[in-house]
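# Structural overview
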Amino acid sequence: MTLNWKQLVLVATLGSVALLGGAFVFQALGYAPCKMCYWQRYPHAVAILIGVVALALGRRWLAWLGALAALTTSGIGVFHSGVERDLWEGPSSCTGGSTAGLSTDDLMDQIMSAPLVRCDEIPWEMFGVTMANLNALISLALAVIWVIAARRAAN
């Protein structure tokens, strides 16, 4: 069975609804989101809005914007995954800094100004896969669905 562009847009939109809903469920279960977790949510909200508008108004070209939104959150998820795994530095506003060479007063200042939820700590993982990893992978799959929808809409 081949899905038409509307069905594909619906699948991609519902995928973002599911991921965003899952993030809120984890938050309700006590897993407080970090700053980068919030950054990953915004493109999903945009993708949902794009999907609703595309379906309601029949604007097929919006599927390309949906793909861009999904790729954006996937990219943020990849970046966040690297920060969690200490592959690269994250934003200083949500990660721990180095304590080497700090005086006691400087260390205390760093502790007091540290974010409540750090982006470089993994709050949950299953089989080595974190929430940021899941978002990156599933969002990439959603981007592919959006692109297929856009290509089918062009025909």
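The text that follows walks through the structure, step by step, so that each part is easy to find.

Reading the values: rules and limits
In this numbering scheme, every chain counts its residues from 1 along its sequence in written order. With the structure being a predicted model, the display of local features is reserved for residues of pLDDT at least 70 and the display and counting of side-chain atom pairs for 80 or more, all residues being used for whole-chain, interface and lining totals. Hydrogens are left out, water is left out, and the side-chain values use all remaining heavy atoms of the structure. Side-chain rings of Phe, Tyr and Trp, where Trp is taken by its six-membered ring, are said to pair if the distance between their centres is within 6.5 Å; with planes under 30 degrees apart they count as stacked, over 60 as edge-to-face, and otherwise as tilted. Put simply, DSSP H or I for four residues or longer makes a helix, DSSP E for two residues or longer makes a strand, and each gets a number counted from the N terminus. Note on definitions: angles span 0 to 180 degrees between N-to-C directions of axes, and those axes are lines fitted to C-alpha atoms, for helices only across the stretch in contact. Note on convention: the crossing is left-handed when the near helix lies turned anticlockwise from the far helix by less than a right angle, right-handed when the turn is clockwise. When checking whether two residues touch, look at their non-hydrogen atoms; a contact exists if any pair is within 4.5 Å. In the scheme used here, Gly and all other residues not listed as nonpolar or charged are polar, with Ala, Val, Leu, Ile, Met, Phe, Trp, Tyr, Cys and Pro taken as nonpolar and Asp, Glu, Lys and Arg as charged.

### Details of the packing of aromatic side chains
Counted under the stated rule, the structure contains three aromatic pairs. A centroid spacing of 5.1 Å and a plane angle of 65 degrees characterise the contact between F26 and W124, whose relative ring orientation is edge-to-face. Residue F26 is found in helix α1 (residues 5-28), and its partner W124 is found in the loop between α4 (104-113) and β1 (125-126); the two are separated by 98 residues along the sequence. Three or more aromatic residues joined by ring pairs make a cluster, and in this case those are F26, Y31 and W124.

### What about the packing of α1 against helix α2 (residues 35-57)?
Axis separation between α1 and α2 bottoms out at 9 Å; the angle between their running directions is 150 degrees. The chirality of how α1 crosses α2 is left-handed. Between α1 and α2, the contacting residues are W5, K6, V9, L10, T13, S16, V17, L19, L20, A23, F24 and Q27 on the first element and Y38, R41, H44, A45, A47, I48, G51, A54 and L55 on the second. Residue composition of the contact of α1 with α2, by class: 14 nonpolar, five polar and two charged.

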